[in-house]
Amino acid sequence: MHTEDLFTSRPEEASGFDENDRNASKSASRKGSEPSWNGDLLFALSNLVIKDFKVRYRNMSLGVFWSLLNPLVLMGVLTFVFTKVTRSNSAPHFPAFVMCGLVPFNFFSIGWTSGTTSLVENAALIKRVPIPREIVPLAAVLSNCLHLLIQIFLLIVLVLASGLPITVSWLWLPYLWAMEVVFVCGLSLVSSAVNVYVRDTRYLVESINTVMFWAVPVVYSFSVIPPVYAEIYKLNPLAALILAMRDILLEGHAPRWELLVKLTLVAALTFTFGLAVFQRLKRRFYDHL
Amino acid sequence: MYAIELNNVSKIYYRHGGRMLLRNRIQRIMSGRPPESFAAVKNVSFRIRRGESLAVVGPNGAGKSTLLSLVAGLCRPDQGYVSVNGRVAALLEIGSGFHPDLTGAENIKLNASLLGLSRKRTAAVFDEIVEFSGIPAEFIGEHLRTYSSGMAMRLAFSVAINTDPELLLVDEVLAVGDSAFQEKCFRKIHEFRDSGKSLLCVSHAAGMVQQLCDQAVWLDHGEIVMTGPIDEVMEAYKGRRTPGA
């Protein structure tokens, strides 16, 4: 076990090495790159979330109002284009209809993008502070949650302004959003870890987001999709989420149970898969950052 | 029981290891050549007991910082094993967990939590950290980017030393800060050592480490050149380096 080398010298050679060696090998021998960190995970996570959030908004004079302004502008443009210019969409309450798609989509795209780049952007932290690495992408996704809450508030105001009633099925909303957060966290765990090794990952994620905007029913309703593609649509969790939101907020009934089961399963599986991939890939983060 | 034990540790880096784009990967697969590698740390063994302090000296690129990262558990050795007993506080680069757009107070909280302190403990040692850093109370609510580099370093060091580690890893950082603060750090580190805790610090120059540590390892090109009491090692290190430099 102790092959002596010309260049190897030990201090205190005389101090009974073999006797102490047994004790040492029993103690926390470090084979993986998991730092011996036994801090307060939630406290560290919440501090990172607060940091991301503060850093993002502190230098903007309008601050969090941008999270109101951005979707409002987009909603205005989409409403104008689809109801006045092309008149291709006849959905009632079109602004509320579009917002049901925009709010989940915005969180998905912004959350996933910031989660993907989080490890590379926090390279100094990863290389210099022995924290559990998982909390970096998780904090990046979670720091968008206030953004999401503000947009949800906007959505609800819009739904009420359209004269739609509050129903019991609204109780499903927090659950659906929680599932979306879990789903995006899972995706970000995978993509952030891959992005450390292959830096092009973030551009791939950005392209997927652009495709997603048109591939999920944000500006059109599910009923216009040809039956051939309908099944494929249902496999997409983001599309399922938007459909469930419209069921609840616009139609006033609870989403179908198979939709809920599917969403829960996909979110849980994505998160578990994300953690597993991250565990494997994190070992060499240091060498690639 | 040893605080730190390294046994035949090697760490190998590959060229183009970092910042790898898809293009580089494809090129590598197409050319079929294995990537060029070099060992940043080669067959290094040493141990530090509780209450002992060890300095790692050597020129730039000798592998000193890699060695500290291995001990901190930030990367894993390709050969051999590293064993560490006790809570580690690593001060590897000034303010790695610090953000210029956060205030001094916010940075203290963030870094204390990253170094493993609980919410309660952070609140308890907060004033102590501020006091030790010597930063006036009216500046602690200001953004870190308005601080001088000396102030930022003092804050970083204060957080690390006040997290009550059993093992302190320090990388060159004590080079900054005015003499009054350095004096304070000295006292704190001596206090720290006297209470049976260990210190591992790294430097390319003599000076401070000679006053802080009793043992030294001289590292060059990733390999140990000499180990022993600090005065002997430093003398040899200084003598060897001058003609070559």
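Because the structure is a prediction, the values reported are computed rather than measured.

### Structural notes on the environment of Ile135 of chain B
All names here are of chain B. Structurally, the position occupied by Ile135 is in the loop between α4 (119–133) and α5 (149–161). Ile135 sits 12 residues away from Tyr147 along the chain, and the two C-alpha atoms are 9.5 Å apart. With sequence-adjacent residues up to four places away left out, Ile135 is seen in contact with Val130, Ile140, Tyr147, Met151, Arg154 and Leu155.

### Describing helix α6 (residues 179–194) of chain B
Residue and element names in this part refer to chain B. Between its first and last C-alpha atoms α6 spans 22 Å; for 16 residues at 1.5 Å apiece the expected length is 22 Å, and the two agree. Inspection of α6 places Phe181, Cys185, Phe186, Lys188, Ile189, Phe192 and Arg193 among the buried residues, and these make up the whole buried set. Buried residues along α6 sit against β3 (53–57), α4, α5, β6 (167–171), β7 (198–203) and α7 (208–212). Among the residues trailing α6, Gly196 stands out with phi positive, at a value near 85 degrees.

### Observations concerning the confidence of the model for chain A
Detailed reading of the predicted coordinates is not advisable wherever pLDDT is low. Of the residues in chain A, 87% have a pLDDT of 70 or more, and the chain-wide mean is 81. Between residues 1–35 of chain A, whose pLDDT stays under 50, and residues either more than four places distant or in other chains, the model counts 82 contacts.

### Some remarks on the sheet that holds β3 of chain B
All names here are of chain B. The strand order across the open sheet formed by 6 strands is β5-β6-β7-β3-β8-β9, and the pairing between neighbours is mixed. Here the strands that pair on one side only, and so sit at the sheet edges, are β5 (88–91) and β9 (223–229). Each strand of the sheet is rotated relative to its neighbour by a mean of 15 degrees, with strand direction disregarded. In the sheet, β3 pairs with strand β8 (residues 215–220) via 4 bridges, with the strands oriented parallel. The partner of Val57 across the bridge, within β8, is Trp218.

Thresholds applied
Residues numbered from 1 in each chain as written. Chains lettered and ligands numbered in written order. Predicted model: local features only at pLDDT ≥ 70, side-chain atom pairs only at ≥ 80, totals over all residues. Heavy atoms only, no water. Helix = DSSP H or I, 4+ residues; strand = E, 2+ residues; numbered from the N terminus. Contact = heavy atoms within 4.5 Å. Expected span 1.5 Å × (residues − 1). Buried < 20%, exposed > 50% of the residue type's maximum accessible area, 1.4 Å probe, protein only. pLDDT = per-residue confidence, 0-100. Pairing = 2+ DSSP bridges. Axes fitted to C-alpha atoms, helices over the stretch in contact; angles between N-to-C directions.

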